[in-house]
Amino acid sequence: MPDLRGRVAVVFGAGSSGAAISNGRAAALAYAAAGAAVVAVDRDSQQAELTARLVVEQGGRATGVGADVTVEDDVVVALDAAAGAFGPVTILHNNVGVATPVGLVDLSRAEWDAALAVNVSGVFLTCKHAVPRMVAAGGGAVVNVSSVAAIRHPGYDYPGYMAAKAAVDQLTVSVALTYAAHGVRANAVLPGLIDTPLVGDQLADEAAARARRSPTGRCGTPWDVANAAVFLASDDAAYVNGVCLPVDGGLTARC
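Residues numbered from 1 in each chain as written. Predicted model: local features only at pLDDT ≥ 70, side-chain atom pairs only at ≥ 80, totals over all residues. Heavy atoms only, no water.

Can you walk me through the overall build of the protein in this structure?
Of regular secondary structure, the protein possesses 9 helices and 7 strands. Computed over its C-alpha atoms, the radius of gyration of the protein comes to 17 Å, within 12% of the 18 Å expected for a compact globule of 255 residues. Here the C-alpha coordinates of the protein stretch approximately 45 × 35 × 35 Å along the principal axes. Taking all 255 residues of the protein together, the buried fraction comes to 50%. (Helix = DSSP H or I, 4+ residues; strand = E, 2+ residues; numbered from the N terminus. Rg over C-alpha atoms; globule rule 2.2 N^0.38 Å. Buried < 20%, exposed > 50% of the residue type's maximum accessible area, 1.4 Å probe, protein only.)

Put into structure tokens, the structure is as follows:
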């Protein structure tokens, strides 16, 4: 496992919408297992605190913070809380995202705006306030959770989500190239067919069909996404920058 001792990982979207583990919670646990101090941030403060408690129960260091990534003041408060608890952020993990399964014609302007606000503006705000702190601290790593929907049609009608995640990819590249000389790397993970609580709620009746769509014959797990994120945040990926990495069992290579 990569060594993240001495790092401070702030995971935005570290809660879970159901009993099963989410991408964000898995990321928080994986960063902690690699040695990082973790600040679990979620709009639901109870979920953030639960994730932090799970980290501590497994021998890690963590604290939970309630914050909404679409509210700039909340983002600043979360980063300040991280600095107060463990020191300046050196790993920023953006997991917050929402997919509204509404097609183009039926998608309301409010739903479109919400998709951009949560999926793109949240990443913008966290990067805007975390990256300068990383530069001041001597460097760091940004890992943004995008989606294969950013580069391929996922088979579901998510125009707002697809457009937003494509923007996340290019924002990632922008941060990567702008701040590379300052010791900050930025990469994105593009999950494919992953079994998460949110997907389980939306597509419960299609579980078997989703698994068959994967070249592997099964869906991935949040740990697959988390392990890729830990690698990208670590010195093992010190020369990996501006990459949008599919974690999809080969799905995007086939279509």
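Structure shown, so let's carry the discussion forward.
Explain the packing of aromatic side chains here, please?
The way to describe two aromatic rings as a pair is by their centre distance and the angle between their planes. All told, the structure shown has 2 aromatic pairs when counted by the stated rule. Relative to tyrosine 161, the ring of tyrosine 158 lies with its centre 5.9 Å away and its plane at 80°, an arrangement referred to as edge-to-face. Exposure remark for tyrosine 158: the relative accessible area of 7% places this residue in the buried category. Here tyrosine 161 falls in the buried class, since its relative accessible area comes to 15%. An aromatic cluster of three or more residues is present, and its members are Tyr156, Tyr158 and Tyr161. (Phe/Tyr/Trp six-rings, centres within 6.5 Å; stacked < 30°, edge-to-face > 60°.)

Help me out: how do you make sense of the sheet that holds strand 7 (residues 244-247) in this one?
Pairing between the strands of a sheet is mediated by backbone hydrogen bonds and can be parallel or antiparallel. What the 7 strands build is an open sheet, ordered 3-2-1-4-5-6-7; its pairing is parallel. Edge positions in the sheet fall to strand 3 (62-66) and strand 7, since each has one partner strand and no second. With strand direction ignored, the average angle separating the axes of adjacent strands in the sheet is 20°. Of the strands in this sheet, strand 1 (8-12), strand 4 (91-94), strand 5 (140-145) and strand 6 (184-191) are in contact with helix 4 (residues 109-137), which crosses strand 4 at around 175°. (Pairing = 2+ DSSP bridges. Axes fitted to C-alpha atoms, helices over the stretch in contact; angles between N-to-C directions. Contact = heavy atoms within 4.5 Å.)

When you look at the nonpolar core in this model, what are you seeing that I'm missing?
One recurring pattern in soluble globular proteins: nonpolar side chains tend to sit buried together. Leu4, Tyr31, Val38, Val143 and Val189 are the most contacted members of the largest nonpolar core, which has 31 residues in total. Those elements giving two or more residues to this core turn out to be strand 1, helix 1 (23-33), strand 2 (37-42), helix 2 (45-57), strand 5 and helix 8 (222-233). Discounting chain neighbours no more than four positions away, the residues touching tyrosine 31 are Leu4, Ala9, Val11, Ala36, Val38, Ile91, His93, Val143, Ala229, Val230 and Ala233. Counting residues in each nonpolar core, the second largest holds 27 residues, with Val65, Leu79, Val175 and Ala186 among its members. (Core = buried A, V, L, I, M, F, W, Y, C linked by side-chain atoms within 4.5 Å.)

Would you take a moment to explain the side chain of glutamine 47 for this structure?
Looking at the element boundaries, glutamine 47 is found in helix 2. A distance of 3.0 Å separates a polar atom in the side chain of glutamine 47 from the backbone nitrogen of serine 16. Those residues in contact with glutamine 47, other than ones at most four positions away along the chain, are Gly15, Ser16, Arg25 and Asp42. (Polar contact = N/O pair within 3.5 Å; in protein donor to acceptor, adjacent residues only side chain to side chain.)

How do you make sense of the pattern of salt bridges when you look at a structure like this?
Side-chain pairs of opposite charge can arise whenever the charged atoms involved come near each other. Taken as a whole and assessed by the stated rule, the structure comprises 4 salt bridges. For arginine 7, the salt bridge identified is with aspartate 235, shortest N-O distance 2.8 Å. Of this pair, arginine 7 sits in the segment before strand 1 while aspartate 235 sits in the loop between helix 8 and strand 7; the two residues are 228 residues apart in sequence, bridging distant segments of the chain. Owing to a relative accessible area of 53%, aspartate 235 belongs among the exposed residues under this scheme. Two residues, arginine 109 and aspartate 113, come together in a salt bridge whose shortest N-O distance is 2.9 Å. (Salt bridge = Lys/Arg side-chain N within 4 Å of Asp/Glu carboxyl O.)

Can you help me understand empty space enclosed by the protein in this one?
A water-sized probe, rolled over the atoms, reveals where empty space remains. In total, this model carries 1 cavity of 30 Å³ or more according to the counting rule given. Within this model, the largest cavity holds a volume of roughly 30 Å³. Considering the residues around the largest cavity, the lining is formed by Phe12, Val69, Asn94, Val96, Val118, Gly122 and Val123. Counting residues per element, the lining of the largest cavity draws most heavily on helix 4, which supplies 3 residues. Residue composition of the lining of the largest cavity, by class: 5 nonpolar, 2 polar and no charged. (1 Å grid on protein atoms, 1.4 Å probe; cavity = no way out; pocket = protein on both sides within 12 Å on 5 of 7 lines; lining within 4 Å. Points joined across faces, edges and corners; volume = space filled by probe spheres on them. Nonpolar A, V, L, I, M, F, W, Y, C, P; charged D, E, K, R; others polar.)

Without other data, these values stay purely geometric and don't point to any function.
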